[in-house]
Amino acid sequence: MSRLLLTPLLALALTASASAAAPVASATITLTSYRFSPGPIYLAGGVPVRLTLVNRSGKGHDFTAPEFFRSARILSGQVEGGEVDLDGGESATIDLIPARGTYKVHCGKFGHSMLGMSTMIIVG
């Protein structure tokens, strides 16, 4: 009898802890030729967020923010060397918990930053 009671309680506890880390907010960042939108990007510190990066351009761009990604707790998604590289028309999703601060973000492709592909991430 006690085993029957413990199984649902254990399942409930595991569900509660998993949902505590699940993103409660979302932000879509669009990459186009030489622009991030929105810019600047505002997020809430310590609140799980799902970032969806969408490259609407026909050419490759990246979302390079090494200090931002280094200070955040990444829950899922691929971030390599502080950047997310996207081919033309590609999207990526990163679930994370951002740390408060102000961070620079830019496209690391040659010349893209100079053409205006940079902004700030402001985490309050």
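Residues numbered from 1 in each chain as written. Predicted model: local features only at pLDDT ≥ 70, side-chain atom pairs only at ≥ 80, totals over all residues. Heavy atoms only, no water.

**Structural notes on the overall build of the protein**
- If you tally the helices and strands in the protein, you get 2 helices and 10 strands.
- Scanning the protein from its N terminus toward the C terminus, one meets helices and strands in the order α-β-β-β-β-β-α-β-β-β-β-β.
- Taking all 124 residues of the protein together, the buried fraction comes to 34%.
- Sequence separation of 24 or more characterises 66% of the internal contacts of the protein that already satisfy a separation of 6 or more.
- On the protein, roughly 7,300 Å² of surface is accessible, and the fraction owed to carbon and sulfur atoms is 58%. (Helix = DSSP H or I, 4+ residues; strand = E, 2+ residues; numbered from the N terminus. Buried < 20%, exposed > 50% of the residue type's maximum accessible area, 1.4 Å probe, protein only. Contact = heavy atoms within 4.5 Å. Areas by Shrake-Rupley, 256 points an atom, 1.4 Å probe, with all protein chains shown as cover.)

**Concerning the packing of aromatic side chains**
- Per the counting criterion, the structure on display carries 4 aromatic pairs.
- Consider the rings of F63 and F69, whose centres lie 6.1 Å apart with planes at 65°: the pair is edge-to-face.
- The exposure class assigned to F63 is buried, which follows from its relative accessible area of 0%.
- In this structure F69 comes out as buried when scored by relative accessible area, which is 5%. (Phe/Tyr/Trp six-rings, centres within 6.5 Å; stacked < 30°, edge-to-face > 60°.)

**Notes on the confidence of the model for the protein**
- Taken residue by residue, the protein gives an average pLDDT of 88. The fraction at 70 or more is 82%.
- In the model, residues 1-19 has pLDDT below 50 throughout and makes 0 contacts with residues more than four positions away in sequence or in other chains. (pLDDT = per-residue confidence, 0-100.)

**Remarks on the side chain of S57**
- In this fold, S57 is placed in the loop between β4 (49-55) and β5 (61-64).
- For S57, a relative accessible area of 8% puts it in the buried group.
- Reaching out from S57, the side chain makes a polar contact with the side chain of S33 at a distance of 3.3 Å.
- Side-chain polar atoms of S57 contact the side chain of H61, separated by 3.5 Å. (Polar contact = N/O pair within 3.5 Å; in protein donor to acceptor, adjacent residues only side chain to side chain.)

**A closer look at the environment of N55**
- Positionally, N55 belongs in strand β4.
- Taking C-alpha positions, N55 is 9.6 Å from D85, a pair spaced 30 residues apart along the chain.

**Notes on the pattern of salt bridges**
- Enumeration according to the criterion identifies 2 salt bridges in this entry.
- Ionic pairing is found between D95 and R50, a salt bridge with its closest N-O pair at 2.7 Å. Linking D95 in strand β8 (residues 91-97) with R50 in strand β4, this pair joins segments that are 45 residues apart in sequence.
- Given the relative accessible area of 37%, R50 is considered partly exposed.
- Residue K109 is joined to D85 by a salt bridge in which the shortest nitrogen-to-oxygen separation is 3.0 Å. (Salt bridge = Lys/Arg side-chain N within 4 Å of Asp/Glu carboxyl O.)

**Focus: unusual backbone geometry**
- The step from S37 to P38 runs through a cis peptide bond, and the omega angle for that step is 0°.
- Structurally, P38 can be placed in the loop between β2 (35-37) and β3 (41-43).
- In this structure, P40 follows G39 across a cis peptide bond, with omega equal to 0°.
- Within the secondary structure, P40 sits in the loop between β2 and β3.

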